[in-house]
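Commentary on secondary and tertiary structure
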Amino acid sequence: MASPPNPQPIGSPDPNDNLPLVLVHRLPQFTTTFNHWLQPHFRILEPSDPSFSIRSKTVRALFCMGPTPVNSETLDQFPSVECVVGTSAGIDHIDLAECNRRRVMVTNAGDAFSEDVADYAVGLLIDVLRRVSAADRFVRGGLWAVNGEYPLGSKVGGKRIGIVGLGSIGSMVAKRLEPFGCIIAYNSRRKKLNVPFPYYSTVQDLATNSDALILCCSLTSETRHLINKDVMMALGKKGVVINVGRGALVDEKELVEFLVQGEIAGAGLDVFEDEPNVPKELFGLDNVVLSPHKAVTTPESIERLRKAIVGNLDAFFANKPLLSQVKFE
Amino acid sequence: MDNVGVLMLCPISSYLEQELNKRFKLLKFWPITSKTEFLKENSNYIRAVVGNSACGADSELIDSLPKLEIVSSYSVGVDKIDLVKCKERGIRVTNTPDVLTDDVADLAIGLAIATLRKICVSDGFVRNGLWKNRDFELTTKFSGKSVGIVGLGRIGSAIAKRAEAFGCSLSYHSRSQKLDINYKYYSNIINLATNCEILIVACSLTEESRHIINREVINALGPKGIIINVGRGAHVDELELVSALLEGRLGGAGLDVFENEPDVPEQLFGLENVVLVSHVGSDTVETCKAMADLVIENLEAYFMNKTLVTSVV
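As the structure is a prediction and not an experimental result, all values here were calculated from the model. (Residues numbered from 1 in each chain as written. Chains lettered and ligands numbered in written order. Predicted model: local features only at pLDDT ≥ 70, side-chain atom pairs only at ≥ 80, totals over all residues. Heavy atoms only, no water.)

**Overview of the sheet that holds strand β4 (residues 83-86) of chain A**
Residues and elements named next belong to chain A. Heads up, the rule is: By this definition, two strands are paired if DSSP reports at least two bridges between them. Under the scheme used here, helices are H or I runs from DSSP no shorter than 4 residues and strands are E runs no shorter than 2 residues, and both carry numbers assigned from the N terminus. Convention adopted: a line fitted to C-alpha atoms gives each axis, helices being fitted over their contacting stretch, and angles between N-to-C directions are expressed from 0 to 180 degrees.
Taken together, five strands build an open sheet; the order of strands is β2-β1-β3-β4-β5 and the sheet is parallel. One side of each edge strand has no neighbouring strand; the edge strands of this open sheet are β2 (43-45) and β5 (105-107). Strand after strand, the sheet turns through a mean of 25° between neighbouring axes, direction not considered. For strand β1 (residues 21-25) and β2, the ladder comprises three bridges, and the chain directions are parallel. Directly across from L23, in β2, lies its bridge partner L45.

**Some remarks on the nonpolar core**
Cut-off, in case you're wondering: Definition of nonpolar core: a set of buried residues of the types Ala, Val, Leu, Ile, Met, Phe, Trp, Tyr and Cys, connected through side-chain atoms within 4.5 Å. Note on exposure labels: buried denotes an accessible area under 20% of the residue type's maximum, exposed denotes more than 50%, and partly exposed covers the range between, all computed with a 1.4 Å probe on protein chains only. Here a residue-residue contact requires only that any non-hydrogen atoms of the pair lie within 4.5 Å.
In this structure, L177 of chain A together with L16, L20, I159 and I213 of chain B are the most contacted members of the largest nonpolar core, which totals 149 residues. If near-sequence neighbours (up to four positions away) are discounted, L20 of chain B is found in contact with V6, M8, L26, V50, I296 and L299 of chain B. Membership of the second largest hydrophobic core comes to 35 residues, among which are C217, V231, L235 and L269 of chain A.

**Comments concerning the packing of helix α1 (residues 14-23) of chain B against helix α11 (residues 285-303) of chain B**
Residue and element names in this part refer to chain B. Basically, it comes down to this: Geometric relationships in this document are graded by angle, where less than 35 degrees denotes roughly parallel, more than 145 denotes roughly antiparallel, 65 to 115 denotes roughly perpendicular, and other angles denote oblique. Here a crossing is taken to be left-handed if its near helix is turned anticlockwise relative to the far helix by less than a right angle, and right-handed if that turn runs clockwise. Under the scheme applied, nonpolar residues are Ala, Val, Leu, Ile, Met, Phe, Trp, Tyr, Cys and Pro; charged residues are Asp, Glu, Lys and Arg; polar residues are all the others, including Gly.
Running from N to C, α1 and α11 cross one another at 20°; their axes reach a closest spacing of 9 Å. By the angle between their directions, the pair α1 and α11 is classed as roughly parallel. Helix-helix and strand crossings are classified by hand; for α1 and α11 the assignment is right-handed. Within the contact between the two elements, α1 uses Y15, L16, E19, L20 and R23 and α11 uses K289, A292, D293, V295, I296, L299 and E300. Class assignment of the residues belonging to the contact of α1 with α11 gives a composition of seven nonpolar, no polar and five charged.

**Things to note about the environment of D274 of chain A**
The topology assignment puts D274 of chain A in the loop between β10 (266-269) and β11 (288-290). C-alpha of D274 of chain A to C-alpha of A248 of chain A: the two residues are 26 residues apart in sequence and 8.5 Å apart in space.

**What to know about the pattern of salt bridges**
Note the following rule: Every case where a carboxyl oxygen of Asp or Glu lies within 4 Å of a side-chain nitrogen of Lys or Arg is listed as a salt bridge.
In total, this model carries 41 salt bridges over all chains according to the counting rule given. Put simply, D286 of chain A and R131 of chain A hold a salt bridge, and the shortest N to O gap is 3.9 Å. Here the residue D286 of chain A occupies a position in the loop between β10 and β11, and R131 of chain A occupies one in the loop between α5 (114-130) and α6 (132-140), the gap between them amounting to 155 residues. In this structure, R137 of chain A engages D123 of chain B in a salt bridge whose closest nitrogen and oxygen atoms are separated by 3.0 Å. Taken together, the positions of R137 of chain A in helix α6 and D123 of chain B in helix α6 (residues 119-127) put the pair across two chains. Given a relative accessible area of 28%, R137 of chain A falls into the partly exposed group.

**Some words on the interface of chain B and chain A**
The test is simple: Accessible-area loss on putting two parts together, using a 1.4 Å probe and summing over both, is the definition of buried area adopted here. Polar contacts, as used here, are pairs of N or O atoms within 3.5 Å; protein pairs need one atom able to donate a hydrogen and one able to accept it. Residues neighboring in sequence count only if both atoms are side-chain atoms.
With 57 residues of chain B in contact, the opposing surface of chain A contributes 58 residues. Both sides together, the interface formed by chain B and chain A hides about 4800 Å², and carbon and sulfur atoms give 60% of it. For the pair chain B and chain A, the number of links is seven salt bridges. Among the ionic pairs, E300 of chain A bridges to K145 of chain B, the shortest N-O distance being 3.6 Å. In this structure, the connection of chain B to chain A is made through 28 residue pairs in polar contact (both at pLDDT 80 or more). Contributing elements (two or more residues each) for the side of chain B that touches chain A: α5 (101-116), α6, α7 (154-164), β12 (274-276) and α11 of chain B. In terms of residue count, the dominant contributor to the side of chain B that touches chain A is α5 of chain B (nine residues). Along the lines of polarity and charge, the residues of the side of chain B that touches chain A split into 29 nonpolar, twelve polar and 16 charged.

**Examining the packing of aromatic side chains**
Put simply, the test is: Pairing of aromatic side chains requires ring centres within 6.5 Å, counting the rings of Phe and Tyr and the six-membered ring of Trp. Pairs whose planes differ by under 30 degrees are stacked, by over 60 edge-to-face, and all others tilted.
With the rule as written, the count across this model stands at 15 aromatic pairs over all chains. Each ring, one from Y302 of chain B and one from F303 of chain B, has its centre 4.9 Å from the other, and the planes form 90°; the classification is edge-to-face. The burial state of Y302 of chain B is the same as that of F303 of chain B; both residues are buried. Among the aromatic residues, ring-to-ring pairing joins F34, W37 and F63 of chain A into one connected group.

**Quick word on the packing of α5 of chain B against α7 of chain B**
All names here are of chain B. Orientation of α5 relative to α7, taken along the N-to-C sense of each, is 50°, at an axis distance of 8 Å. Relative to α7, α5 is oriented oblique. Seen along the crossing, α5 lies across α7 with a hand that is right-handed. Contacts between α5 and α7 pair T101, D102, V104, A105, D106, A108 and I109 from the former with R154, I155, A158, I159, R162 and A163 from the latter.

**Notes on the pairing of strand β9 (residues 198-201) of chain B**
Residue and element names in this part refer to chain B. Note the cut-off: Looking down the strands as they point away from the viewer, one classifies a crossover as right-handed if the path from the first strand across the helix to the second runs clockwise.
With burial as the criterion, each face of β9 is covered, one bearing I198 and I200 and the other bearing L199 and V201. Note that strand β6 (residues 146-150) and β9 share four bridges and pair parallel. In the sheet register, V150 faces β9, and the bridge partner there is V201. When β9 meets strand β10 (residues 226-229), the two strands line up parallel, connected through four bridges. If you follow L199 over to β10, its bridge partner there is I227. Once you follow β9 into helix α9 (residues 215-221) and on to β10, the crossover reads as right-handed.

**A few points about the side chain of T68 of chain A**
Residues and elements named next belong to chain A. Relative to the helices and strands, T68 is located in the loop between β3 (61-64) and α3 (72-77). A relative accessible area of 2% means that T68 is categorised as buried. Engagement of the side chain of T68 in a polar contact is seen with the backbone oxygen of M65, the distance being 2.5 Å. Every residue in contact with T68, bar those within four places of it in the chain, is listed here: H25, R26, L27, F30 and H93.

Printed below as a string of structure tokens:
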């Protein structure tokens, strides 16, 4: 009887393996992997694989662990890639224009995170207006018994909320805030049909007519520093900025200046221009709520992400429409 | 009406003091050291009392004010007022419903999100420089969770309306079932707690509802459940709540009220699954003015022999 074949070392090519091949693209400093999500369905290819130099030239699908960049260099390195599957809603680290030029399809997390981000945006807004975190510090510091008096907050109802970017997240924020009695308006690249809220064609106009701006749009070359000095001046001294998009949507230096000088009333920030660095001037402010980029991180949304990733890859290999393709516009 | 003595029991707002002063003879109770003396000297012309959720016209005070005709409370809850005695003596009582409903409901939802998503904790995480070393842990989703409301009155209904927009399923416990409401009704609060993940207390404080959230209810809610209290501290058996949180029998709590304000059990200060705020349910600039205006409106109506706007008794 022939002896059983030697067990194959992990990662080496198994000629009997029929699973589709997926290249895992991640920066070396990312120690977490999603390989356990991929391995039940796909054959993964990593730089440590002995056949990498060969297979990387023919692999058709690239799994990009955000925010590992995918740019023209990457696509030159892996010339057969036809589909890039991302792990986040925001994919500003993927050169969409370049992918489009090479007819490489790109998918993101789709709706996987939208509800959690929308919840978080509302949570941040209530926290800033009603001073929840500040009051929590006040109580834990033993100050309630001593000081008694505590500054009043501001009512959520009746506030004019300007949503910047009425995509999946923005729409969910709007839906949540309506029963609070908020008045919703928005700015987007284009006016949306069948939306009951007033549209403003510029963020400046939106800001002029809002008490709070909630940033839910993607970061592109057009939206970088969208919230600048002029917009914040238009928003005014009683205005509030909530950012659950990307740090770079806001001119952070200006925002800090406005907050420190009292030129806007407050901010709730889940994202920053240079994470995990957060401007120290904000640490002493009670009208600011700071959050370490965690609007998406719930076990529920992680599971939805897993489904989106596996679903997109399955669809790609079956030549079916992708679940959450991001089109270049 | 400036010969009508109005006794204000505790500091509320300078706006309210100012407006009372314009119309009546305002006397402030809280700075007085010898209160019994003061009452003896002034009781002849004190015809109205203004209190709030902390200070009310209790039995003793009512007895020392023989000319008292109306108690106007700057609150919706009237648990600090001896309503029975007021009824007996024909003393009118007014409160401030509706104007604060939205604020309290907003806060209840804000506390629920803050508790589940650890917003306050992670703010501290950033301020203490910890983000530089590691990411924050996962926190559990709010949308879609089952919400159980204790007391489906004005505030409870407003909370339910908001929670619906987050895809939460709603159920409630009340003294009686509301026939025009679609939410699932539980006549037994233990069953409500067993069947929900977020239990929100929004009922009034009465003899029956004191410590309505007890050990049994807390255990039924369980280690993944959270309690949000925007009612009164005494709705919850606070000692039981604290031990349940410390032992992990309860998942978390968002508390605006406590049994003995402003004292808050210090064992809660080190917990990351609680949010503690200082009875700020209606503390917004807009609502405080509206509440003060309503107190004034009721007093003016009374002393001008008109119908009271929002009377309880």
